[in-house]
Structure formats: structure tokens, C-alpha cells
Amino acid sequence: MDTCYVFVVPNEGDSIWDSSSEDIPHASILYLPASVAEHAVQLISEVHVNPFSARVNGRGELGDDKADVLLLEAPQLTEIRETLLNDPLIREAFDSIEQFPEYTPHLTLGYPETPAKADY
């Protein structure tokens, strides 16, 4: 099954761009089947997200891939996620694939095979 992600990206010039080994540093909001990607894009265009700041609460490791992450205090991420999950089609798609048991707002710095470029 093809999948897609909904995520937010730090502003250009933010120091995280110099630290993360990801091509585009991001904070994931949802993991969905690709079959609802167009619908998700339409919904996101209707959710007016203003730029926001997120407080870093620490650094940790998440998932089976042992992602090196910044743990974020970012209520805006949770609000965006909940808004999207209130849509019946998004909720059905979300529930149709395996998910992590709980949502942890985070920004990935790297993985063991592609570690962070610099300490943040």
C-alpha cells in the first residue's frame, strides 16, 4: 500500500536545517494511505495554519527505526492533527493502517544510518 505523510516544515534559515540529516526537516502530523492524499491536501488548504513556534522539551529516540528526534511542546501540531482526524474520510483512512499507539510531537534529526549533521 502506498502511503503519504502530512507534516509541517520549519522556516527557511531556521538553525534546524543545519542539524537535521533529513532532506527537508519536518514534524509529522499524520501517516495516511496515499488514496486519500488529494482529499488531505484539500482539507489542509482549508485549515488556516499560521506560522508558530514550538518549544523543544528534550531529545529522544522513537520507533523501531530508532529515529533521533527533538521532542516538541507544540499544541498547534495536535490541533491540526485533531482537525484533520475529525474528517470522516481521513479518520477512516487513518484507522485502516497501522499507527503508533500515541502521537508524540517531534522533529526528526536523523537515524542511526543517517545521523544528525550537528547537535541542536
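Refer to the structure above for everything that follows.
Residues numbered from 1 in each chain as written. Predicted model: local features only at pLDDT ≥ 70, side-chain atom pairs only at ≥ 80, totals over all residues. Heavy atoms only, no water.

Visitor: Teacher, can you tell me more about the packing of helix 3 (residues 75-85) against helix 4 (residues 88-95) here?
Guide: When two helices pack together, you describe them by how their axes are tilted relative to each other and by the distance separating the axes. Running from N to C, helix 3 and helix 4 cross one another at 100°; their axes reach a closest spacing of 7 Å. As judged from the angle between their axes, helix 3 and helix 4 are roughly perpendicular. When helix 3 is examined against helix 4, the residues R81, L84 and L85 are found in contact with a partner set consisting of I90, R91 and F94. Across the contact of helix 3 with helix 4, the residue classes tally to four nonpolar, no polar and two charged. (Axes fitted to C-alpha atoms, helices over the stretch in contact; angles between N-to-C directions. Helix = DSSP H or I, 4+ residues; strand = E, 2+ residues; numbered from the N terminus. Parallel < 35°, antiparallel > 145°, perpendicular 65-115°, else oblique. Contact = heavy atoms within 4.5 Å. Nonpolar A, V, L, I, M, F, W, Y, C, P; charged D, E, K, R; others polar.)

Visitor: What's the story with the sheet that holds strand 3 (residues 55-62) in this structure? I'm lost.
Guide: Picture the strands of a sheet paired through backbone hydrogen bonds; they go either parallel or antiparallel. On the basis of which strands lie adjacent, the open sheet formed by three strands has the order 3-4-5 and antiparallel pairing. The open sheet has two edge strands with one neighbour each: strand 3 and strand 5 (106-110). Across the sheet, the mean angle from the axis of one strand to that of its neighbour is 30°, orientation sign disregarded. Note that strand 3 and strand 4 (residues 67-73) share seven bridges and pair antiparallel. Among the inter-strand pairings, E61 is bridged to a residue of strand 4, identified as D68. (Pairing = 2+ DSSP bridges.)

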